[in-house]
Structure formats: C-alpha cells, structure tokens
Amino acid sequence: MDTKARQLLDKLNTEHSLQTEEYQYLLDHRNQELMDLAAEYARKYQNQHYGNKVFIRGLVEFTNFCRNNCLYCGIRRDNHNCERYRLSADTIVECANEGYALGFRTIVLQGGEDFSYSDEDICDIIRRIKASHEDMVVTLSIGERSKKSYQKYYEAGARRYLLRHETANPELYAKLHPAELSWDNRMECLKNLNEIGYQVGAGFMVESPGQTTYDLAMDLKFVEEFKPDMCGIGPFISHKETPFANSPSGTLETTLFCLSLLRMIYPQVLLPATTALGTIHPKGREMGIKAGANVVMPNLSPTGVRKKYALYDNKICTGEEAAECLGCLGQRMESIGYKIVTDPGNRAGL
Ligand code: SAH
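Because the structure is predicted, anything quoted here is derived from the model rather than measured.

### Let's talk about the overall build of the protein chain
Okay, so step 1: Assigned secondary structure in the protein chain consists of 14 helices and nine strands.
Okay, so step 2: At 19 Å, the protein chain has a C-alpha radius of gyration in line with the 20 Å of a compact globule built from 350 residues.
Okay, so step 3: Across its three principal axes, the protein chain shows a C-alpha extent of roughly 60 × 45 × 40 Å.
Okay, so step 4: Burial analysis of the protein chain (350 residues in total) assigns 60% to the buried set.
Okay, so step 5: When the 41 basic and 46 acidic side-chain charges of the protein chain are each reduced to a single mean position, those positions are 2 Å apart.

As structure tokens, then:
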C-alpha cells in the first residue's frame, strides 16, 4: 500500500478531517487494499453508532414532470420521449398507508420540480399523512423552492428534506446544469432548510461527466464542513435521451470508496446505499452497506409508474410491488449480517 495514502487514512480515522488535496491523494491512490482498510474503519463507526441495523425509507416518486433541464437527468424538460405522470394526493396518501403497514416510519416524497402541486397541495398531503400516522417522518425531495415554501412544509409537518448539492465545485455545477440553475441558489436552499430546522440530506453524483478527483475531493470536504444529516451518493449513470448519453457511467469502486471515506469523515451521518449503486452492480447495495452505508430506500411508488421515473437507464426495482421490494432487500441485508428495522431512523446523536 502507498505509504502516504495509508498515513492519510489513519489521520482521517483519528481527526475526521483532511485537506482537499489530501482527499484527492486518497482518491488518486485507491486500490483494493486501501479500499478494504477504509471499509474496515468505516464499519467500526457504523457499528458503534448503528450496530447492524439498516434504516429504511419508503420512496414515493410522485411526479416526473420537471421544469428543469439538468443535462444528466432522464426526466429533464427537453426529454420529449419521457412519458409523464403525476400521482394524485389520494394515491400518494395510499402509498404512505401501505408503507406504514409494511413497517416504514419514514416516507420520502420525491419528484421533478412540478409546480402544478401548489404549496397548499404539498402541505395537505403532508398533513394527511401525519394525521393518520403521527410517528411517520415525512421527508421531501422536490428541489429548489423559496424559503417561505420550505417553511410552510415544515409547519405542515415535514421534518426532513433531501436536496443533493450535486457537486461542490460551482464550475462543474455550471457544466452539468442549464444556465438558469445556479450553484449559489442550490447552496442558499440548503442553508435555508438548515435554518428552518429540517434534518437535511445533501449529496453528489460520483464520476459525473467532467468530474475530476479534485472535484470529488471538494465534495468530501464540503460534507466535512457542512455536516448534512444525510449524504446521498451514487454513481452517475447515463440516460440515452440526455446530452450525456455517451458519457461513461461512474464506477462501483469509486462510489464504495467515497462511502467509506464519508463514514470516516462524519461517523454519525446517514448514508444510503442507493438505487444507482444497485443498478451498476447486482450486489451494489450490499457492497455499499459493507463499505459503511446504513440506509436503503425501497420504492413505494405504484408499479404502474415506476419505469417512468427513469433518471438514468436500466434502473432496478421497477417491477416489484412494495412488499416484494422490502422482502428482497431484507433478505439481501440478512445475507451480509445486517437487519432492516422499523424505526424512524434518525441520525445518531439527534
Ligand atoms: N428534483 C429533485 C429530485 C431529483 S432526483 C431535486 O432537484 O432534488 C434525485 C437525484 O437523482 C438527483 O439529485 C441526482 O443526484 C440523481 N440523478 C439524476 N440523474 C442521474 C443520473 N443520470 N445518474 C445518477 N444519478 C442521477
């Protein structure tokens, strides 16, 4: 093993902090040995804070209409071959009921930026879910909105918000997004969510088009400094109807290594083994958990719409019913010595 890489990993293990250049050094010198050691350190923290428990979040992808045109995303506005759908409030509430019965205590309402749902519509949905299931944590992931709107959703009962920062480098951000979207606004939104009191999930794509190891190191540094409660990462995966159709997808190895480093940077962080990770490798999510992740997010959307929420090609879990999805994931976790729990799944220390 590269001596300097080994020293840096040991330093990270005791100090939970490195310089951006040092993170880059680790990323540039990644090999199996270094990955194994990082995963060993990461599992120590995972075990200390979460034992062998894996938290579940039920994901309801309630609309694939989107006003945005992110260059990497399959549901971008300019993809005219995307068959659009939106779920009614009743259907969304039914998904939550089904999820609750299956043991989910967190529901994530995710969608494109679809302003046909007014703030009042969103608040109604949140209130209806909370009215039936007081102990279900409602998480939103509906993109950039005003602080006023975020405040309203909080008052209606939402307590978590997932808004990946996508990349910590403003210049790369500009290459991945259309001109009307800005890194500054994304950061402003994250700051607003924090101030309101949400548990916040940031996150980034691994090996997105044009991303260097320095950019990725910036993402690690960002997480070290911002300390989001959750950090969702997954490999970039190309989608054939986007400008990045021919860009290579991110790798399993870099994603797993980033997961281990994130766990070492912030031992209590909630770290999902994402669907994108499960898409690039049949055992991707299991490997993610073994690298330090502690959350999985099975799909609760009605099966009829799942294929249509195609952010990238070949997305997994678009066929099974919610219960099957959960059963399958439960078995997968058991196969590696972990167990899925019925629990709101707060970050350790909250
Ligand atoms: N509209 C919401 C939800 C976006 S979808 C928002 O803006 O936050 C959730 C995440 O999927 C995105 O934040 C992005 O990181 C990821 N994603 C989108 N397209 C992807 C692709 N082609 N490959 C991998 N991940 C992708």
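Having put the structure on the table, let's press on.
### A short note on the pairing of strand 3 (residues 106-111)
Okay, so step 1: The element strand 3 is largely enclosed, with a buried count of six among its six residues.
Okay, so step 2: Of the two faces of strand 3, both are covered, the one formed by Thr-106, Val-108 and Gln-110 as well as the one formed by Ile-107, Leu-109 and Gly-111.
Okay, so step 3: Alignment of strand 2 (residues 58-63) against strand 3, held across five bridges, turns out to be parallel. Bridging across to strand 3, Thr-63 finds its partner in Gly-111.
Okay, so step 4: The parallel pair strand 2 and strand 3 is bridged by helix 4 (residues 89-102), and the resulting crossover is right-handed.
Okay, so step 5: The pairing of strand 3 with strand 4 (residues 137-141) spans five bridges and is classified as parallel. Residue Val-108 lies in a different strand from strand 4, and its bridge partner there is Thr-139.
Okay, so step 6: A crossover links strand 3 with its parallel partner strand 4, the connecting element being helix 5 (residues 119-132), and its sense is right-handed.

### Some remarks on the environment of Arg-332
Okay, so step 1: The residue Arg-332 is located in helix 14 (residues 322-335) in this model.
Okay, so step 2: Take Arg-332: its relative accessible area is 23%, and that puts it in the partly exposed class.
Okay, so step 3: Counting along the chain gives 318 residues from Arg-332 to Thr-14, while the straight-line C-alpha distance between them is 32 Å.

### Some points on the nonpolar core
Okay, so step 1: In this structure, Leu-109, Tyr-153 and Tyr-198 are the most contacted members of the largest nonpolar core, which totals 102 residues.
Okay, so step 2: Not counting chain neighbours up to four residues away, the residues in contact with Tyr-153 comprise Asp-119, Ile-122, Cys-123, Ile-126, Leu-140, Ile-142, Arg-145, Ala-158 and Tyr-198.
Okay, so step 3: Of all hydrophobic cores here, the second largest spans 11 residues; its members include Phe-55, Val-295, Met-297 and Ala-348.

### Some points on the sheet that holds strand 7 (residues 230-235)
Okay, so step 1: Spatial strand order, 2-3-4-5-6-7: six strands in an open sheet with parallel pairing. Where the open sheet ends on each side, the last strands, each with one partner, are strand 2 and strand 7. The sheet shows a mean angle of 25° between the axes of neighbouring strands, direction not considered.
Okay, so step 2: The pairing of strand 4 with strand 5 (residues 158-162) spans three bridges and is classified as parallel. From the neighbouring strand, Leu-140 faces strand 5, where its bridge partner is Tyr-161.
Okay, so step 3: Along the sheet, helix 5 makes contact with strand 2, strand 3, strand 4 and strand 5, crossing strand 4 at roughly 155°.

### Side note on the UniProt feature "domain: Radical SAM core" (unreviewed entry) in the protein chain
Okay, so step 1: When the UniProt feature table is mapped to this numbering, "domain: Radical SAM core" (unreviewed entry) covers residues 52-290.
Okay, so step 2: Span residues 52-290 is 42% helix and 17% strand, its end C-alpha atoms 10 Å apart.

### Some details on the UniProt feature "binding site: (3R)-3-methyl-D-ornithine" (unreviewed entry) in the protein chain
Okay, so step 1: Residues annotated by UniProt as "binding site: (3R)-3-methyl-D-ornithine" (unreviewed entry) correspond here to Ser-141.
Okay, so step 2: Discounting chain neighbours no more than four positions away, the residues touching Ser-141 are Val-108, Leu-109, Gln-110, Gly-111, Tyr-161 and Leu-162.

### Comments concerning the side chain of Lys-315
Okay, so step 1: Of note, Lys-315 is situated in the loop between helix 13 (303-306) and helix 14.
Okay, so step 2: With relative accessibility at 13%, the residue Lys-315 sits in the buried group.
Okay, so step 3: Among the polar contacts listed, one links the side chain of Lys-315 to the side chain of Glu-61, at a separation of 2.9 Å.
Okay, so step 4: Within polar-contact distance, the side chain of Lys-315 engages the backbone oxygen of Tyr-309 at 3.0 Å.

### Quick look at the sheet that holds strand 8 (residues 295-296)
Okay, so step 1: Strand order across the open sheet formed by three strands is 8-1-9, with parallel pairing between neighbours. Since the sheet does not close on itself, it has two edges, and those belong to strand 8 and strand 9 (339-341), each with one partner.
Okay, so step 2: Relative to strand 8, strand 1 (residues 53-56) runs parallel, the two being bridged by two bridges. Within strand 8, the position partnered with Phe-55 by the bridge is Val-295.
Okay, so step 3: Here helix 14 sits on the sheet in contact with strand 1, strand 8 and strand 9, set at roughly 135° to strand 9.

The rules behind the values
- Residues numbered from 1 in each chain as written.
- Predicted model: local features only at pLDDT ≥ 70, side-chain atom pairs only at ≥ 80, totals over all residues.
- Heavy atoms only, no water.
- Helix = DSSP H or I, 4+ residues; strand = E, 2+ residues; numbered from the N terminus.
- Rg over C-alpha atoms; globule rule 2.2 N^0.38 Å.
- Buried < 20%, exposed > 50% of the residue type's maximum accessible area, 1.4 Å probe, protein only.
- Lys, Arg positive; Asp, Glu negative; His and termini not counted.
- Charge placed at Lys NZ, Arg CZ, Asp CG, Glu CD.
- Pairing = 2+ DSSP bridges.
- Right-handed = clockwise from strand over helix to strand, strands pointing away.
- Core = buried A, V, L, I, M, F, W, Y, C linked by side-chain atoms within 4.5 Å.
- Contact = heavy atoms within 4.5 Å.
- Axes fitted to C-alpha atoms, helices over the stretch in contact; angles between N-to-C directions.
- UniProt positions renumbered as here; feature names shortened; annotations may be inferred.
- Polar contact = N/O pair within 3.5 Å; in protein donor to acceptor, adjacent residues only side chain to side chain.

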